[in-house]
Amino acid sequence: MLPLAAPLGRLVLTAAASAGIVKAVSDGRGAAALRRIAVSGAKAGIRTSRAAETSVERWRLGAGDIVAQAYDELGEQAPVPRTPDAGHDHEH
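Cut-off values and rules
- Residues numbered from 1 in each chain as written.
- Predicted model: local features only at pLDDT ≥ 70, side-chain atom pairs only at ≥ 80, totals over all residues.
- Heavy atoms only, no water.
- Helix = DSSP H or I, 4+ residues; strand = E, 2+ residues; numbered from the N terminus.
- Buried < 20%, exposed > 50% of the residue type's maximum accessible area, 1.4 Å probe, protein only.
- Areas by Shrake-Rupley, 256 points an atom, 1.4 Å probe, with all protein chains shown as cover.
- Salt bridge = Lys/Arg side-chain N within 4 Å of Asp/Glu carboxyl O.
- Expected span 1.5 Å × (residues − 1).

Some points on the overall build of the protein
Counting its secondary structure elements, the protein contains two helices and zero strands. Going through the 92 residues of the protein one by one, you find that 4% of them count as buried. Just so you have it, the protein exposes about 8,000 Å², and 63% of that area is on carbon and sulfur atoms.

Considering the pattern of salt bridges
All told, the structure shown has one salt bridge when counted by the stated rule. Measuring nitrogen to oxygen at the nearest pair gives 2.6 Å for the salt bridge that ties Arg60 to Glu57. Of this pair, Arg60 and Glu57 are both found in helix α2 (residues 31–73), three residues apart, which corresponds to roughly one turn of the helix. When its relative accessible area of 47% is taken as the criterion, Arg60 is described as partly exposed.

As for the environment of Val12
In this fold, Val12 is placed in helix α1 (residues 2–27). With 32 residues separating them in the primary sequence, Val12 and Ala44 have C-alpha atoms 10.0 Å apart.

As for α2
An ideal rise of 1.5 Å per residue puts 63 Å on 43 residues; α2 measures up with 63 Å between its terminal C-alpha atoms. Downstream of α2 by a residue or two, Gly75 has a phi angle that is positive, lying close to 80 degrees.

Structural data, given as structure tokens:
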């Protein structure tokens, strides 16, 4: 499901932006309308991105719980999860 979310979101965003641009140009509202459309599109993209990040994190935590339980049932200690910045010792 998640691999479909990004392309589908882009398709919906592109369609909405295209329809808004055509309407703005045909109504003669010009740059202000195009800016409102761009801001609305950016807001939708931010919301979609946040929702996807939340879902991915929920799935990651769930998978970690399953792996930890499997190790526990084997009588072993689960390895400590790696951090994303492990081995990254310089600043940007």
